[in-house]
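Letter by letter, the chains look like this.
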Amino acid sequence: IDDLAEVDYSLNSLPAVFQPFIDLDLKGIVYPTGNYTGPPYVAAPFAIPDQSDSMLYLAFSEYFFQTSSFAYYTAGAFNITITEETCSYFNISTEIFGSIIPEVAKYSVIPYPVMLKLMATEVPIISLEEDSFTVEIQGSMEVFAVLPDSTTQSLFTMNITANTSIALNIFDQKLMGSLCLNRLQFSLAHSNVGFFEISLLENILSYILQTEVIPSANAKLSKGFPLP
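Small disclaimer: the values here were computed from a predicted structure and weren't measured.

A. Structural view of the overall build of the protein. Secondary structure summary: the protein contains 4 helices and 11 strands in total. In summary, the protein has a C-alpha radius of gyration of 22 Å against a globular reference of 17 Å for 228 residues, an excess of more than 25%. Reported as C-alpha extents along the three principal axes, the dimensions of the protein are approximately 80 × 35 × 30 Å. Relative to its 228 residues, the protein shows a buried fraction of 36%. In the protein, 61% of the contacts between residues at least 6 apart in sequence involve partners at least 24 apart. Only carbon and sulfur atoms are counted for the fraction: they give 55% of the accessible area of the protein, which is about 13300 Å². When the 7 positive and 24 negative side-chain charges of the protein are each reduced to one mean point, those points stand 6 Å apart.

B. Up close: the environment of serine 68. Assignment of secondary structure puts serine 68 in helix H1 (residues 62–74). Exposure remark for serine 68: the relative accessible area of 7% places this residue in the buried category. Between the C-alpha atoms of serine 68 and proline 124, which are 56 residues apart in sequence, the distance is 9.9 Å. Not counting residues up to four positions away in its chain, the partners in contact with serine 68 are Val30 and Phe225.

C. Structural detail: the pairing of strand E9 (residues 152–171). Relative to E9, strand E8 (residues 132–146) runs antiparallel, the two sharing 15 bridges. Note that in E9 the partner of alanine 145 across the bridge is glutamine 153. Hairpin connection between E8 and E9: a loop of 5 residues separates the two successive antiparallel strands, and serine 150 in this loop has a positive phi of roughly 75°. Alignment of E9 against strand E10 (residues 174–191), held across 16 bridges, turns out to be antiparallel. By the bridge assignment for E10, threonine 164 is matched with leucine 181. Hairpin geometry of E9 and E10 is characterised by an intervening segment of 2 residues between the two adjacent antiparallel strands and by a positive phi of about 55° at aspartate 172.

Cut-offs and rules
- Position labels on residues start from 1 in each chain and follow its written sequence.
- Local features are withheld for residues below a pLDDT of 70 in this predicted model, meaning they are given only at 70 or higher, and side-chain atom pairs are given and counted only at 80 or more; totals for whole chains, interfaces and linings count all residues.
- Heavy atoms throughout the structure, all of them, feed into the side-chain values; hydrogens and water do not.
- Where helices and strands are cited, they refer to DSSP runs of H or I of at least four residues and of E of at least two residues respectively, numbered from the N terminus.
- A radius of gyration in this sense is built from C-alpha atoms; the matching globule rule multiplies 2.2 Å by the number of residues raised to 0.38.
- We call a residue buried when its accessible area falls under 20% of the maximum for its residue type, exposed when it is over 50%, and partly exposed in between, using a 1.4 Å probe and counting protein chains only.
- Working rule for contacts: check all heavy atoms of both residues, and any pair within 4.5 Å makes them a contact.
- For the accessible areas, the method is Shrake-Rupley and the probe is 1.4 Å, while residue cover comes only from the protein chains on display.
- Positive: Lys, Arg. Negative: Asp, Glu. His and the chain ends are not part of the count.
- Charged groups are reduced to one reference atom each: NZ for lysine, CZ for arginine, CG for aspartic acid, CD for glutamic acid.
- DSSP bridges decide pairing: two strands pair if at least two such bridges lie between them.

Printed below as a string of structure tokens:
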């Protein structure tokens with residue numbers, strides 16, 4: 001698929017040949033690249049509804065997407081670092097955070113660039129729906145001040161719960177998706193600047209995720225999964 005994951009479409013059994021059609025039972029397992037340990041899920045059997053107005057029908061079970069989530073989580077794909085250099089729309093700094101959170105302004109009198117480290121803390125949960133699926137992500141975001149000597153100083157860490165949906169389509173023999181952020185929840189996990197109301201940060205953090213993380217994810221999803 002890419003440098004992080006591969007997909008196994010090998011046959012589970014011999015093709016079943018009937019008079020009007022042929023059934024192919026494919027594995028559809030996604031692995032981290034080079035790691036073929038079985039994922040911690042059990043594939044549930046399912047059947048394609050009887051239809052006959054197309055030459056080919058291809059169905060993906062929730063298991064396929066669960067193994068995808070597990071593979072990319074194992075490979076670290078959900079770990080993202082955002083810095084002043086990579087932030088496209090504005091420069092993130094302790095001055096910006098300090099204008100919102102008085103505790104940061106007191107802690108960092110001199111303005112420093114800020115680095116955000118996001119990571120998933122659990123394997124994202126997949127729920128398959130018609131033409132799309134939802135992804136529930138439990139994660140954390142740690143905010144650092146980048147000092148003049150390039151060392152970092154942790155300011156605070158937040159827990160994040162993100163609910164997203166991915167619309168699916170097939171193009172050029174690939175399964176593609178488009179990610180949409182539905183809901184975000186934040187809570188303060190740890191702070192080196194003292195306690196503050198996390199609601200003060202929700203707007204700016206939501207904006208950063210919408211303008212930096214979601215476009216990056218969609219750029220990867222647009223490359224698509226190769227179909228068998």
